[in-house]
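# Coordinate inspection notes
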Amino acid sequence: QVQLVESGGGLVQAGGSLRLSCAASGTIFSIDAMGWYRQAPGKQRDLVARITSSGSTNYADSVKGRFTISRDNAKNTVSLQMNSLKPEDTAVYYCNSDVRRDKYSLTGRYWGQGTQVTVSS
């Protein structure tokens, strides 16, 4: 079993910053890509940022230059530094990880429970 636990959400004024963290635990042989998605009320869940095990990143156009994703492979954690936050960034943020549970298995995608980020204007 694999668990992902997020932390760091909350309420912030427009222009402020928040840092989200996510820790993966359980039966883990290796983790390929890790990422952050978000889902606003009535909308689909969309990619925010993603990082591979080698450190390559990609971002949604709406967050480029404001958000930075990073990971600690030794600790199986991924973080999202969010600066210059806007009201339209308000959403539930979910982390995910593509986990290989042993060297013979395929990767499986696991999700955290989500953390609320609210940006007031």
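Placed above this text is the structure.
Residues numbered from 1 in each chain as written. Predicted model: local features only at pLDDT ≥ 70, side-chain atom pairs only at ≥ 80, totals over all residues. Heavy atoms only, no water.

## Considering the overall build of the protein
Counting secondary structure elements, the protein contains 0 helices and 11 strands. Counting from the amino terminus, helix and strand elements in the protein follow one another as β-β-β-β-β-β-β-β-β-β-β. Over its C-alpha atoms the protein spans a radius of gyration of 14 Å, differing by no more than 12% from the 14 Å that the globule rule assigns to 121 residues. Along the three orthogonal principal directions, the C-alpha set of the protein runs to about 50 × 25 × 25 Å. Sequence separation of at least 24 residues holds for 57% of the intrachain contacts in the protein that already meet a minimum separation of 6. As displayed, the protein offers around 6300 Å² of accessible surface, 48% of which is attributable to carbon and sulfur atoms. The positive charge centre, built from 14 side chains, and the negative charge centre, built from 9, are 2 Å apart in the protein. (Helix = DSSP H or I, 4+ residues; strand = E, 2+ residues; numbered from the N terminus. Rg over C-alpha atoms; globule rule 2.2 N^0.38 Å. Contact = heavy atoms within 4.5 Å. Areas by Shrake-Rupley, 256 points an atom, 1.4 Å probe, with all protein chains shown as cover. Lys, Arg positive; Asp, Glu negative; His and termini not counted. Charge placed at Lys NZ, Arg CZ, Asp CG, Glu CD.)

## Here's the deal with the nonpolar core
Residues Trp36, Val48, Phe67, Val78, Leu80, Met82 and Tyr93 are the most contacted members of the largest nonpolar core, which totals 28 residues. Where this core is concerned, the elements lending two or more residues are strand S1 (2–7), strand S3 (18–26), strand S4 (30–39), strand S5 (46–51), strand S7 (67–72), strand S8 (77–82), strand S9 (91–100) and strand S11 (115–120). Once residues within four sequence positions are removed from consideration, Tyr93 is found in contact with Glu6, Leu20, Trp36, Tyr37, Arg38, Val48, Phe67, Leu80, Met82, Gly114, Thr115 and Val117. (Core = buried A, V, L, I, M, F, W, Y, C linked by side-chain atoms within 4.5 Å. Buried < 20%, exposed > 50% of the residue type's maximum accessible area, 1.4 Å probe, protein only.)

## Considerations on the sheet that holds S7
Strand order in this open sheet of 4 strands is S1-S3-S8-S7, and the pairing throughout is antiparallel. Edge strands, defined here as strands with exactly one partner in the open sheet, are S1 and S7. Sheet twist, expressed as the average angle between the axes of neighbouring strands with direction ignored, equals 15°. Across 6 bridges, the pairing between S1 and S3 is antiparallel. Counterpart to Gln3 in the pairing with S3 is Ser25. (Pairing = 2+ DSSP bridges. Axes fitted to C-alpha atoms, helices over the stretch in contact; angles between N-to-C directions.)

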